[in-house]
Amino acid sequence: MTLSGNWSIKAQVFVAPGIIILLMLTTILIFDQVLRRQQATFLEVVHGPLARATNSATQLLLGVSEVQADVLRYAQRRERLPEDDLVLVELRRSILHRYARIEATFEALRQDAEGTGETDVIANIQDFLTIHRAVSERLIGGPSIDSVAMSSLMAHYQQLQSYITELTERSLASAQHTVDQAERHVGRLAAMLMAGSAIIILFSVLITLYIGRAISLPIARLIGIMTSVAEGRPVVEVPGQWRRDEIGEMARAVGVFDRVTRELRRREVLLEEARHTAEQANVAKSVFLANVSHELRTPLTSILGFTRIIQRRLERYVWPRVDTRAPRVGEAMAQVCDNIEIILTEGVRLTTLINNLLDLEKIEAGKMCWRLEAVEPRTLMALAADATAALHAREGLHFEMALPETLPRVRADRDRVVQVLINLISNAVKFTPHGRIRCSAADLGDGRVELAVSDTGRGIAPEDLQRIFDKFQQVGDTLTEKPTGTGLGLAICREIVTHLGGEMRVQSEPGKGSRFAFTLPVAESGAIPEMKESP
């Protein structure tokens, strides 16, 4: 029980059944006591004084009847036989023995009948039994049979028999009365037990309904509130937060859930607006880049073309006819040649930047066309090595390829993979002042082939490894070092590899070099070229 006086759910679940069990145990104990009392009553009827008195009276009646029969039989034979006949002697002995047994039975009857209210009948039985014995002894002890004595014996016998029968009937009536009382008591007990059981069942049902409603109704309300919160409908207040039981804890949790859900929905709206704004900005950016790239590419192509024409015309027609003996003329010619070379170099760099921007936009917009085919990894490495031979040769770097004799073909776009390898080799040349560049390939054995380009250059700091694949990101000190690229090469490489079903990763240690590797799926046997729009 909490401080607020509310029963906790745990208490309601366990205490209420405990009360019901206690009531049932009390009923069982009462029933046990009543049964014990009823058992004692029946034992009293079966084995009590009344039962013993009835039994003794029955034995006494049988004994009197037997001795009466022996006396009559003695009287009949005494008329034909002499007094000392053995049969008569045996009869006399039997009659006396039976009277001794009757005396013992009567004594037991008198003891059993004490306190039963039957003393008057017992006294009458004793008187007539004494008279009956005296008459019988006079008959069997006299010289002849007296008819008056026989009549008196018969009369006393009948009276004695009636008194014994009356005693037996009274005992049976008393026992029956006791049995009837016990049966009425059992009936009342059965009715009380039925009523008590019905009351307990009704009480149990009421307690169960009360506890069930006390638990289910608040939970149902909380479920309705949570459903409203989940569906986005406003909730004015969560009831039951003041309670100090489990329902109160649930209500407070639902209240927190409501507040958090509201905040999440508000942020979701803001994020949706921000996403919509970002998508519009991205579309505008893509349109802008496409338009600007198109507008720049056409005049830039003209500039590069006319600059190359001017360079060739100067070298072919002008410079041979210029007198270079004048110092200023030679200096001017060198400056013009340098300026033309700068124009060409920067024009090529600007053209590469525009092409990279257009390629990246095509890939991200899903407009890139992929030509998938089964390609030998050795062929891809050879094409990239031939395309970059002048770069590493000019820098004096040692270039090597380490390829196993047999490699499975990969399913890829030949030109795009060569573009990735050229970009990786070019980056290795840019950031390797001296040393070597190594291209390798290996079958990973899980349906993938790994292509890698490693160098012995200056390496990449650990904090820069995660951002080198982002657009317009370049490593190094951009304040003291002149940028050597556009910052789009690795971003394009990762997009190409990802669209081909591979994965790109880098390992680097500052001062020792870097290793860029990517995987390509192994081509199925009999694969044929396939044109595929970017998904």
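In this text, all values refer to a predicted model and were calculated from it rather than measured experimentally.

About the criteria used
Residues numbered from 1 in each chain as written. Predicted model: local features only at pLDDT ≥ 70, side-chain atom pairs only at ≥ 80, totals over all residues. Heavy atoms only, no water. Helix = DSSP H or I, 4+ residues; strand = E, 2+ residues; numbered from the N terminus. Buried < 20%, exposed > 50% of the residue type's maximum accessible area, 1.4 Å probe, protein only. Contact = heavy atoms within 4.5 Å. Areas by Shrake-Rupley, 256 points an atom, 1.4 Å probe, with all protein chains shown as cover. Salt bridge = Lys/Arg side-chain N within 4 Å of Asp/Glu carboxyl O. Expected span 1.5 Å × (residues − 1). Pairing = 2+ DSSP bridges. Core = buried A, V, L, I, M, F, W, Y, C linked by side-chain atoms within 4.5 Å. Domains from an automatic or database assignment. Axes fitted to C-alpha atoms, helices over the stretch in contact; angles between N-to-C directions. Polar contact = N/O pair within 3.5 Å; in protein donor to acceptor, adjacent residues only side chain to side chain. Patch = residues over 30% accessible without salt bridge, like charges linked within 9 Å, V, L, I, M, F, W, Y side chains within 5 Å.

1. Topic: the overall build of the protein
Thinking step 1. In terms of helices and strands, the protein carries 11 helices and 8 strands.
Thinking step 2. Within the protein, the proportion of its 535 residues that are buried is 33%.
Thinking step 3. Considering only contacts in the protein between residues 6 or more positions apart, those separated by 24 or more positions represent 74%.
Thinking step 4. Accessible surface for the protein amounts to roughly 32,400 Å². Of this, 59% is attributable to carbon and sulfur atoms.

2. Considering the pattern of salt bridges
Thinking step 1. Counted under the stated rule, the structure contains 17 salt bridges.
Thinking step 2. Arg436 is the salt-bridge partner of Glu400, the closest N and O atoms lying 3.7 Å from each other. Of this pair, Glu400 sits in strand β2 (residues 398-402) while Arg436 sits in strand β4 (residues 436-443), and the two are 36 residues apart along the sequence.
Thinking step 3. A cluster of three or more residues bridged by salt bridges with shared partners is formed by Glu66, Asp70, Arg73 and Arg98.

3. Considering helix α4 (residues 119-141)
Thinking step 1. Its 23 residues give α4 an end-to-end C-alpha distance of 32 Å, which sits within 8% of 33 Å, the value for a rise of 1.5 Å per residue.
Thinking step 2. Within the span of α4, buried status applies to Val121, Ile122, Ile125, Leu129, His132, Val135, Ser136, Leu139 and Ile140.

4. Comments concerning the pairing of strand β7 (residues 513-521)
Thinking step 1. Of all 9 residues in β7, 7 are buried; the element is thus mostly enclosed.
Thinking step 2. Strand direction decides the pairing type here: strand β5 (residues 448-455) and β7, joined by 7 bridges, are antiparallel. Its bridge partner being in β7, Arg448 is matched across the sheet by Pro521.
Thinking step 3. With 6 bridges joining them, strand β6 (residues 504-509) and β7 adopt antiparallel strand pairing. Paired with Met504 across the two strands is Phe518, which belongs to β7.
Thinking step 4. Between β6 and β7, which pair antiparallel in sequence order, lie 3 residues; one of them, Gly511, sits at a positive phi of approximately 85 degrees.

5. Regarding the nonpolar core
One broad rule of soluble globular proteins: the nonpolar side chains tend to lie buried together.
Thinking step 1. Formed by 47 residues in total, the largest nonpolar core has its most connected members in Val417, Leu451 and Phe518.
Thinking step 2. Each of domain 2 (240-368) and domain 3 (369-521) accounts for three or more of the residues forming this core.
Thinking step 3. Beyond its immediate chain neighbours, meaning those up to four positions away, Leu451 contacts Pro377, Leu380, Met381, Val417, Ser440, Ala441, Phe516, Ala517, Phe518 and Leu520.
Thinking step 4. By size, the runner-up hydrophobic cluster in this structure holds 29 residues, among which are Ala57, Leu109, Ala149 and Ile164.

6. So, the sheet that holds β4
Thinking step 1. Here 5 strands make up an open sheet; going across it, the order is β2-β4-β5-β7-β6 and the pairing mixed. The outermost strands of the open sheet, each flanked by one partner alone, are β2 and β6. The sheet shows a mean angle of 15 degrees between the axes of neighbouring strands, direction not considered.
Thinking step 2. As paired elements, β2 and β4 share 5 bridges and run parallel to each other.

7. Quick look at the environment of Pro320
Thinking step 1. Of note, Pro320 is situated in the loop between α6 (246-318) and α7 (327-365).
Thinking step 2. Residues within four places of Pro320 in sequence aside, it is in contact with Leu314 and Glu315.

8. With respect to the side chain of Ser514
Thinking step 1. Topologically, Ser514 is positioned in strand β7.
Thinking step 2. Of note is the side chain of Ser514, whose polar atom sits 2.8 Å from the side chain of Ser508.

9. Things to note about a nonpolar patch on the surface
Thinking step 1. A grouping of Ile201, Leu202, Val205, Leu206 and Leu209 is seen on the molecular surface, where their side chains present a nonpolar patch of about 480 Å² in accessible area.
Thinking step 2. Position of Val205 relative to the elements: it lies in helix α5 (residues 147-231).
Thinking step 3. On the basis of relative accessibility, which here comes to 39%, the residue Val205 falls in the partly exposed class.

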